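# Inside the fold
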Amino acid sequence: MTLTEIIFILTGTCAVLVFGGKLVCLLMILVPKLFCPLPETFFTSLGKWAVVTGGSDGIGRAYAEELSKLGMSVIIISRNQVKLDRAARKIELTTGREVKVIAADFTKDDIYGHIQENIEGLEIGILVNNVGILPSQIPCKLLETADLEERIHDVINCNVKAMVKMCRIVLPGMQQRGRGVILNVSSGIAKIPFPIYTLYAASKVFVERFSQGIQAEYKSKGIIIQTVAPFGVSTAMTGHQNPDMVTFTPEEFVRSSLKYLKAGDQTYGSVTHTILGGIVQSIPTWVLQSEAFQHHFREYVKQRVGS
């Protein structure tokens, strides 16, 4: 066999492997129940309790409701006591599961002792690090952000520090029991440099890198740590945009994303958002960084939020 033939064979083999890998990934996205099925008792086998930050509204509340329907008791943490109590009553009435509430403002620095005291000794099977904020509802350049110093502090505390500190509190118990799931909610825009969402996108890049690192560290201990990176979800943070083919209700998104729990350490949570992620990452950087794109995207968000 000549050197040329060997090179052609190796090249063909590599092409087949790459294509095969992409095909398997596509099938996992399209039919997650077939390729990464979850037993009916999967969630309750992890532990009695699920902890959800930002759990009084939006995606967090949807996670709390769905996990309750799957048989778990839940602890929801957020800053607004009235919203927490209202969410807890609805979940208890709907699912019959036990719900605990903890009022805590994740933009503050001195809340974690209070949280740890309230969950200490509980068998926590799932942690959903969902809490997060935008510097401003309408995207803008960094120096155009109102109350910039305060917003920098709040975004870092809420989007970055909260996730790390909650992992620090919950992870030891999971490691001791040899099982558990941590879902860290990121954003689809973390995949690319995104002007006018710079501070928010950068905070979500941290979420992804931190999650990948601790998944590598604790996967052998039986713990799943996954980043969930949605694009459009209709919540208070996004101005309750009207749901459509791209923008999901929180309940729709959560039901879809949980199907991908064993599909890898990162997921967009749905077929639609996976396709959108591929499209966004194919846009040339010079387009995203252009003044024209920034202007038109800001106007698009204004229109969506105002509609």
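Residues numbered from 1 in each chain as written. Predicted model: local features only at pLDDT ≥ 70, side-chain atom pairs only at ≥ 80, totals over all residues. Heavy atoms only, no water.

### Digging into the overall build of the protein chain
- The helix and strand inventory of the protein chain stands at 12 helices and seven strands.
- Going through the 307 residues of the protein chain one by one, you find that 47% of them count as buried.
- Summing over all exposed atoms, the protein chain offers an accessible surface of approximately 15,400 Å²; the carbon and sulfur share of this is 59%. (Helix = DSSP H or I, 4+ residues; strand = E, 2+ residues; numbered from the N terminus. Buried < 20%, exposed > 50% of the residue type's maximum accessible area, 1.4 Å probe, protein only. Areas by Shrake-Rupley, 256 points an atom, 1.4 Å probe, with all protein chains shown as cover.)

### Looking at the packing of aromatic side chains
- With the rule as written, the count across this model stands at 11 aromatic pairs.
- On the numbers, 6.2 Å between centres and 40 degrees between planes, the contact of Phe297 with Tyr300 is tilted. Residue Phe297 and its partner Tyr300 are located together in helix α12 (residues 291-306), separated by three residues, close to a single helical turn.
- Look at Tyr300 and you get partly exposed, because its relative accessible area is 43%.
- Three or more aromatic residues joined by ring pairs make a cluster, and in this case those are Phe194, Tyr197, Tyr200, Phe293, Phe297 and Tyr300.
- A cation sits over an aromatic face here: Lys191 above Tyr268, 5.4 Å from the ring centre. (Phe/Tyr/Trp six-rings, centres within 6.5 Å; stacked < 30°, edge-to-face > 60°. Lys NZ or Arg CZ within 6 Å of the ring centre and 35° of its normal.)

### Side note on the pairing of strand β3 (residues 99-103)
- As defined by bridge partners, strand β2 (residues 73-78) adjoins β3 across five bridges and the pair is classed as parallel. Following the sheet pairing, Ile75 is matched in β3 by Lys100. (Pairing = 2+ DSSP bridges.)

### Remarks on the sheet that holds strand β7 (residues 266-267)
- Strand order in this open sheet of seven strands is β3-β2-β1-β4-β5-β6-β7, and the pairing throughout is parallel. With one partner strand each, in any of the chains shown, β3 and β7 form the two edges of the open sheet.
- Strands in contact with helix α5 (residues 81-95) are β2 and β3; relative to β3, the strand with the most contacts, it is inclined by about 170 degrees.
- Sitting on the sheet, helix α6 (residues 112-119) touches β2, β3 and β4 (124-129), and the angle it makes with β3 is about 165 degrees. (Contact = heavy atoms within 4.5 Å. Axes fitted to C-alpha atoms, helices over the stretch in contact; angles between N-to-C directions.)

### Some points on the pairing of β4
- The buried fraction of β4 is high, at six of six residues.
- Summarising the sheet, strand β1 (residues 49-53) and β4 pair through four bridges and their orientation is parallel. Looking at the pairing, Val52 lines up with Val128 of β4.
- Handedness of the crossover joining β4 and strand β5 (residues 180-185) through helix α7 (residues 148-177): right-handed. (Right-handed = clockwise from strand over helix to strand, strands pointing away.)

### Here's the deal with helix α4 (residues 58-69)
- Helix length check: α4, at 12 residues, gives a terminal C-alpha distance of 17 Å against a target of 16 Å (1.5 Å per residue), a fit within 8%.
- For α4, a buried count of 11 out of 12 residues is recorded, marking the element as mostly surrounded by other parts of the structure.
- Directly after α4, the chain includes Gly71, whose backbone phi takes a positive value near 105 degrees. (Expected span 1.5 Å × (residues − 1).)

### Regarding the environment of Ala190
- Positionally, Ala190 belongs in the loop between β5 and α8 (198-218).
- When the C-alpha positions of Ala190 and Lys204 are compared, they lie 5.6 Å apart, and in sequence the two are 14 residues distant.
- Filtering out sequence-adjacent residues up to four positions away, Ala190 remains in contact with Ala201, Lys204, Val205 and Glu208.

### A short note on α6
- Residues of α6 that are buried include every one of Tyr112, Ile115 and Ile119, and no others. With its buried residues spanning 60 degrees around the axis, α6 presents them on a single face.
- Residues of α6 that are buried sit in contact with β2, β3, β4 and α7.
- With its phi angle positive at about 85 degrees, Gly121 sits one or two positions after the end of α6. (Arc of directions from axis to C-beta.)

### Details of the pattern of salt bridges
- In total, this model carries 11 salt bridges according to the counting rule given.
- Note that Lys141 is salt-bridged to Glu291, the shortest N-O span being 3.1 Å. Remark: Glu291 occurs in helix α12 and Lys141 occurs in the loop between β4 and α7; sequence separation between them is 150 residues.
- Taking relative accessible area as the criterion, Lys141 reaches 33% and is therefore assigned partly exposed.
- Judged by its relative accessible area of 52%, Glu291 falls in the exposed class.
- For the salt bridge of Arg151 with Asp154, the shortest nitrogen-to-oxygen distance reads 3.7 Å. On the criterion of helical spacing, the pair formed by Arg151 and Asp154 is a turn pair, its members being three residues apart in helix α7.
- Residue classification places Asp154 among the buried positions, given a relative accessible area of 9%.
- Members of the salt-bridge network, linked through shared partners, are Lys48, Glu98 and Lys100. (Salt bridge = Lys/Arg side-chain N within 4 Å of Asp/Glu carboxyl O.)

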